[in-house]
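# Topology and contacts: notes
Residues per chain, in single letters:
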Amino acid sequence: MTDPTDRPIDRVHDDVVPDDDGVAEDEPSSSWGFATKAIHVGQDPEAVTGAITVPVFQTSTFAQSAVGKHSGYEYARTGNPTRTALENALASLERAHFGVSFASGLAAEDAILRILEPGDHVVLGNDAYGGTFRLISKIFTRSGISWSAHDLSDPDRLGTDWPAATKMVWVETPTNPLLTVVDIEAVAVAAQSSAARVVVDNTFATPYLQNPLDLGADIVVHSTTKYVGGHSDVVGGFVATNDADVDEHLTFIQNAVGAVPAPWDCYLTLRGVKTLALRMDRHNANAAAIVDLLQNHEAVTSVLYPGLPGHRGHAAARKQMRGYGGMVSFRVGSQDRANRVIEATRVFTLAESLGAVESLIEHPGVMTHASAAGSPLEVPDDLVRLSVGIEEEDDLVADLRQALDSIA
Ligand SMILES: *Cc1c(COP(=O)(O)O)cnc(C)c1O
């Protein structure tokens, strides 16, 4: 454990994870279930007024009682109580000792990648978020970091073709937008022999459905813009780890680079966190109904969803996830047909992003993954991606059915 004295108070979350011996500590929160943690960890009533909701501490600085004597907060880039509450709550949901939040998912990824030094290599799944690919291939390559894309979903090939300089393995599971499943435990075992750190982008699954640190990952990253925030009203990022060195690096970068989330954004994200469990249950149920429709519709040539028994990653998904989530992709045979389906929906709104209460539909090849065109991460041009929201199941099914009927 590193010295916590130069950090804001309450940054070490020993109360929410079991000890090394596996026995939970005496704190009541250590035995709480997900929804209770989401609503209470880091969110005690405010000390001065008893405000039940964590206030938006909209302040840039904090008064000190004497030179060098402060409450744990000095300057709001370094720390802010609203941000601390969010970090503690999210760390507990990822069952992590440490959590660090950022202004966006990509700012969080940038902070993680800054662990690397010139000459280091990143192994990247061959189906990663387009922005992750752009960050590594266009920005970090300038600092002497190399990368290569690999099929991390094939357990027999893990580690066999990773360059010797590999210091980080970047996993997304399920992947965006092909919903490929990567066996996190298998990657962690393969990475051990090359002393590489395993990073898992858990944005699609959320901590409600999957906890990568428990499966051997070193670092978990989220775009909280998606399911964690859940309401399409805030952009943010979050990193969780049990590695004190990684935490020290991240808090240093958070303060030194300054891509911090504003207090108001932390408040909005924390508000979303409170209902994450409820929302994910509904996302799961609605997605299952949509998958049922897609599988039985003649206009659809294939359906990509980890919950399907015929999906290549179904066994791994069953092993490591507690549900299959709200993201569904499908193919319709041509880009023109994909465009026509996308333009024919009324409840599903044509937009980038995902993971919020409203259902969205998009064309990854042209929209979210355009930056991967011509690369090993390119996606098929007849692919349609759905972010199934939490509206009435019947309305979603009827809307998509009429859109598919229009091209059948
Ligand atoms: C959106 C997204 C990101 C990037 O997060 P931002 O908050 O948009 O910066 C990273 N990974 C995945 C899987 C995403 O969906």
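Just above, that's the structure.
Residues numbered from 1 in each chain as written. Predicted model: local features only at pLDDT ≥ 70, side-chain atom pairs only at ≥ 80, totals over all residues. Heavy atoms only, no water.

Turning our attention to unusual backbone geometry. Looking along the chain, the bond that leaves Thr173 and enters Pro174 is cis, with omega of -10 degrees. Topologically, Pro174 is positioned in the loop between β4 (166-172) and α5 (184-193). Omega for the bond connecting Asn176 with Pro177 falls within 30 degrees of zero, at 10 degrees, which places this linkage in the cis form. Mapping Pro177 onto the fold places it in the loop between β4 and α5. Even without glycine at this site, Leu179 takes up a positive phi of about 55 degrees. Tracing the chain through its elements places Leu179 in the loop between β4 and α5. One non-glycine residue, Ala195, lies in positive phi territory at about 50 degrees. With respect to the secondary-structure elements, Ala195 resides in the loop between α5 and β5 (197-201). (Helix = DSSP H or I, 4+ residues; strand = E, 2+ residues; numbered from the N terminus.)

Note on placement: Asn242 falls in the loop between β7 (237-241) and α7 (244-257). Within polar-contact distance, the side chain of Asn242 engages the backbone nitrogen of His97 at 2.7 Å. (Polar contact = N/O pair within 3.5 Å; in protein donor to acceptor, adjacent residues only side chain to side chain.)

A few words on the environment of Ser193. Mapped onto the elements, Ser193 comes out in helix α5. Its relative accessible area of 69% is what places Ser193 among the exposed residues. Distance in space between the C-alpha atoms of Ser193 and Ala277 is 36 Å, their sequence separation being 84 residues. In terms of polar contacts, Ser193 uses its side chain to reach the backbone carbonyl oxygen of Ala190, at 2.9 Å. (Buried < 20%, exposed > 50% of the residue type's maximum accessible area, 1.4 Å probe, protein only.)

Glancing now at the pattern of salt bridges. Summed over the entire model, instances satisfying the criterion amount to twelve salt bridges. Two residues, Arg95 and Asp214, come together in a salt bridge whose shortest N-O distance is 2.5 Å. Taken together, the residues Arg95 in the loop between α2 (81-93) and β1 (98-102) and Asp214 in the loop between α6 (206-209) and β6 (219-223) connect sequence positions 119 residues apart. A relative accessible area of 32% means that Arg95 is categorised as partly exposed. Through salt bridges that share partners, Asp183, Glu185 and Lys319 make up one connected network. (Salt bridge = Lys/Arg side-chain N within 4 Å of Asp/Glu carboxyl O.)

As a further point, take the packing of helix α3 (residues 105-113) against helix α4 (residues 130-139). Here α3 crosses α4 at 40 degrees, and the two axes come no closer than 11 Å. With respect to α4, the axis of α3 lies oblique. The crossing of α3 and α4 is right-handed. Facing α3, whose interface residues are Leu106, Glu109, Asp110 and Leu113, α4 presents Gly131, Thr132, Arg134, Leu135 and Ile136. Grouping the constituent residues of the contact of α3 with α4 by class yields four nonpolar, two polar and three charged. (Axes fitted to C-alpha atoms, helices over the stretch in contact; angles between N-to-C directions. Parallel < 35°, antiparallel > 145°, perpendicular 65-115°, else oblique. Left-handed = near helix turned anticlockwise from the far one by under 90°. Contact = heavy atoms within 4.5 Å. Nonpolar A, V, L, I, M, F, W, Y, C, P; charged D, E, K, R; others polar.)

A surface patch of like charges, here negative, comprises Glu392, Glu393, Asp394 and Asp395. Along the chain, Glu393 falls in helix α12 (residues 393-405). (Patch = residues over 30% accessible without salt bridge, like charges linked within 9 Å, V, L, I, M, F, W, Y side chains within 5 Å. Areas by Shrake-Rupley, 256 points an atom, 1.4 Å probe, with all protein chains shown as cover. Lys, Arg positive; Asp, Glu negative; His and termini not counted. Charge placed at Lys NZ, Arg CZ, Asp CG, Glu CD.)

This part covers the nonpolar core. One recurring pattern in soluble globular proteins is that nonpolar side chains are buried together. One finds Leu90, Leu270 and Val273 to be the most contacted residues of the largest nonpolar core, which totals 36 residues. Elements supplying a minimum of two residues to this core: α1 (34-40), α2, α6, β7, α8 (263-273), α9 (276-295) and α10 (314-320). Take this core: its biggest share by element is six residues, from α2. For this core, the domains that each give at least three residues are domain 1 (4-274) and domain 2 (277-405). Apart from the residues within four sequence positions on either side, Leu90 is in contact with Thr224, Val228, Phe238 and Val273. Listed in part, the 29 residues of the second largest apolar core include Val328, Phe330, Ala338 and Ala344. (Core = buried A, V, L, I, M, F, W, Y, C linked by side-chain atoms within 4.5 Å. Domains from an automatic or database assignment.)

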